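What follows is each chain in one-letter form.
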Amino acid sequence: MKKYIIAIIALFCITSTSTVMAQRGLVKLNAGYNVGLPLGNFNSNYVSNASPRGFMGDLSLGLNNKYSVGIGFGFQDFYQKYPRAVYDLAPNQQISAVLSNSIQVVPVLAKFTYTPFLGTTKLIQPYASVGAGISFVTYNQYLGEFSSDNTSGGKFSAMADAGIDLPFSRYNSNVAAKIGVSYNYTKFGMSDAANINMVGIHAGLAFQLH
Amino acid sequence: MKQTKKWAFSFIALLVLGLVSCTKNSAVNNLSNADTRIYITQRDSTVNFSNYKTFSINDSVTVINNGQSSKSLTPTGQAFIDAISKYMQQAGYTLVSNTSNPDLGINVTYINTTTTGIIDYTDYYDLYSGYYDPTFWGYGGYGYYSPYIYGVYQINSGALSIDMLDLKNAAANGKIKIIWNGLIRGEGIADATTADSQVQALFSQSPYIKAN
């Protein structure tokens, strides 16, 4: 009996080691559709509408079967039109206008991902990742059809993301469905909202490239 | 593996193309003509508008086309003149002719450019005597004075400007002061059917214009 147990443990260790080795150098590409939900000052002062126009993804390199590093990227487009209102341009100068805020965010981040069950045959594989880097932000405010304020540039950005991968096959699947929720922060320094906070809900596919 | 790479890049290309095509970067393209318009009002803060009781309005619209002015009275221009007259009377002022010593004079100007470029509105007031002969108001030889600085605006559409002149104190001041200006910019301004609502917007954000 003892022999069998030792043999099973040895087999398990060998299998584990081989899967650990198998994940090293693994290149994965994740890409998916993303819905952005503005939070905090960004929501109250700038855009409260959810943005259904976005995507996020990353290209990662496996360090082993639990950790990978990579580059995250994405795009999110926020837009909101406010009903016509009268604003003071100066004490003796007023303007009535429909005000529109338009902002596009393109993050490029270094990411670190933890996947506790990668390399196993589990069909639900949770992951968690964190990232930091630069977001390229374009901001335009319009009064009617006239641009009244615009800024663009690269700003510090950070994110945390968690979700699950759902491999299409228990064995040797190169493709998996992916769903997750992220929190994204970008320091922007606009007049009304000093930063861009949002929650992203994303769904897409993960491809094993190498 | 090659097949997977192909699928991966096709998937990303589709994702990006789909999103770029529906991006709202076209923010202002989604606006109706009415929503594109802005209404700017400026006043002389030293003036108490209830000190004036009568007004007269120029009987035609001055059209400035790339710096060249001409007088015009189209149905649209008449609609604006009628609307201004209506809201002035609703504010308690009495309409009189320009020869009856009105306290206030009103000029309506449509500024149009056929090219996209920069127009400094200070030029508009610098050239005001050329557009509006002060003799019309009974003050031949007087100059105009405006305290307003619009700054520099890029124009690629028309603008309608309404100027309210202080004729009551012109002699005492030695000049005709422009005590209020309403400016409309955006798409579809020259439309007789919306002239009333456009003028109403200017007056509703200027509640200080009242005779009593």
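Structure: see above.
How each quantity is defined
- Residues numbered from 1 in each chain as written.
- Chains lettered and ligands numbered in written order.
- Predicted model: local features only at pLDDT ≥ 70, side-chain atom pairs only at ≥ 80, totals over all residues.
- Heavy atoms only, no water.
- Helix = DSSP H or I, 4+ residues; strand = E, 2+ residues; numbered from the N terminus.
- Buried < 20%, exposed > 50% of the residue type's maximum accessible area, 1.4 Å probe, protein only.
- Contact = heavy atoms within 4.5 Å.
- Areas by Shrake-Rupley, 256 points an atom, 1.4 Å probe, with all protein chains shown as cover.
- Pairing = 2+ DSSP bridges.
- Phe/Tyr/Trp six-rings, centres within 6.5 Å; stacked < 30°, edge-to-face > 60°.
- Lys NZ or Arg CZ within 6 Å of the ring centre and 35° of its normal.
- Core = buried A, V, L, I, M, F, W, Y, C linked by side-chain atoms within 4.5 Å.
- Salt bridge = Lys/Arg side-chain N within 4 Å of Asp/Glu carboxyl O.

Engineer: Describe the overall build of chain A, naming the residues involved and giving the relevant values.
Structural biologist: Broken down by element type, chain A carries 2 helices and 8 strands. Listing every helix and strand of chain A by position from the N terminus yields α-β-α-β-β-β-β-β-β-β. Per-residue burial over chain A gives 45% buried out of 210 residues. Excluding contacts between residues fewer than 6 apart, the proportion of contacts in chain A whose partners are at least 24 apart in sequence is 62%. Total accessible area computed for chain A in this model is approximately 10,000 Å², and 67% of it derives from carbon and sulfur atoms.

Engineer: With reference to specific residues and values, describe the pairing of strand β3 (residues 67-90) of chain A.
Structural biologist: Residues and elements named next belong to chain A. For strand β2 (residues 54-62) and β3, the ladder comprises 9 bridges, and the chain directions are antiparallel. Looking at β3, one finds that Leu-61 is bridged to Val-69. The turn linking β2 back onto β3 is made up of 4 residues. Counting the residues that bridge the hairpin from β3 to strand β4 (residues 93-114) gives 2 residues.

Engineer: Tell me about the packing of aromatic side chains, and name the residues and values.
Structural biologist: Here the structure, examined in full by the defined rule, presents 14 aromatic pairs over all chains. Considering the side-chain rings of Tyr67(A) and Phe112(A), the 5.6 Å spacing of their centres and the 20° angle between planes classify their relative orientation as stacked. With Tyr67(A) in strand β3 and Phe112(A) in strand β4, this residue pair connects regions lying 45 residues apart in the sequence. The exposure class of Phe112(A) is partly exposed, given its relative accessible area of 37%. Taking the centre distance of 5.4 Å and the plane angle of 45° together, the rings of Phe49(B) and Tyr208(B) count as tilted. Of this pair, Phe49(B) sits in the loop between β1 (38-43) and β2 (54-65) while Tyr208(B) sits in the segment after α7 (195-204), and the two are 159 residues apart along the sequence. Like Tyr208(B), Phe49(B) is buried. Of the aromatic side chains, those joined through ring pairs into one cluster are Phe42(A), Tyr46(A), Phe78(A), Tyr139(A) and Phe188(A). In this arrangement the basic side chain of Lys178(A) is found over the ring face of Tyr127(A), its NZ or CZ atom lying 3.9 Å from the centre. In this structure, Lys168(B) packs its charged tip against the face of Tyr52(B), placed 5.9 Å from the ring centre.

Engineer: So what about the nonpolar core? Which residues, and what values?
Structural biologist: Residue and element names in this part refer to chain B. Phe-49, Ile-84, Met-88, Tyr-93, Met-164 and Ile-209 are the most contacted members of the largest nonpolar core, which totals 36 residues. Residue assignment for this core shows that the elements contributing at least two residues are β2, α3 (75-90), β5 (104-112), β9 (159-166), β10 (176-185) and α7. Once residues within four sequence positions are removed from consideration, Met-164 is found in contact with Phe-49, Met-88, Leu-104, Gly-105, Ile-106, Lys-177, Ile-178, Ile-179, Trp-180 and Ile-209.

Engineer: How would you summarise unusual backbone geometry if you had to cite specific residues and measurements?
Structural biologist: Notably, Asn101(B) is not glycine yet its phi reads approximately 50°, a positive angle. On the secondary structure map, Asn101(B) appears in the loop between β4 (94-95) and β5.

Engineer: Hey, could you go over the side chain of Asp35(B) for me, with residue numbers and the actual values?
Structural biologist: Note on placement: Asp35(B) falls in helix α2 (residues 33-36). In this structure Asp35(B) comes out as buried when scored by relative accessible area, which is 18%. Ignoring anything within four residues of it in the chain, the contact list for Asp35(B) reads Lys81(A), Arg84(A), Val98(A) and Gly144(A).

Engineer: Go over the pattern of salt bridges with me, naming the residues and quoting the values.
Structural biologist: Residues and elements named next belong to chain A. In the structure shown here, the tally under the stated rule is 7 salt bridges over all chains. Across the pair Asp-77 and Arg-53 runs a salt bridge, and its minimum N-O distance is 2.8 Å. One end of the pair, Asp-77, is in strand β3; the other, Arg-53, is in the loop between α2 (40-46) and β2, with 24 residues separating them in the sequence. Assigned by exposure class, Asp-77 and Arg-53 land together as buried. Here Asp-165 ties to Lys-178 by a salt bridge, and the two come within 2.9 Å at their closest N and O atoms.

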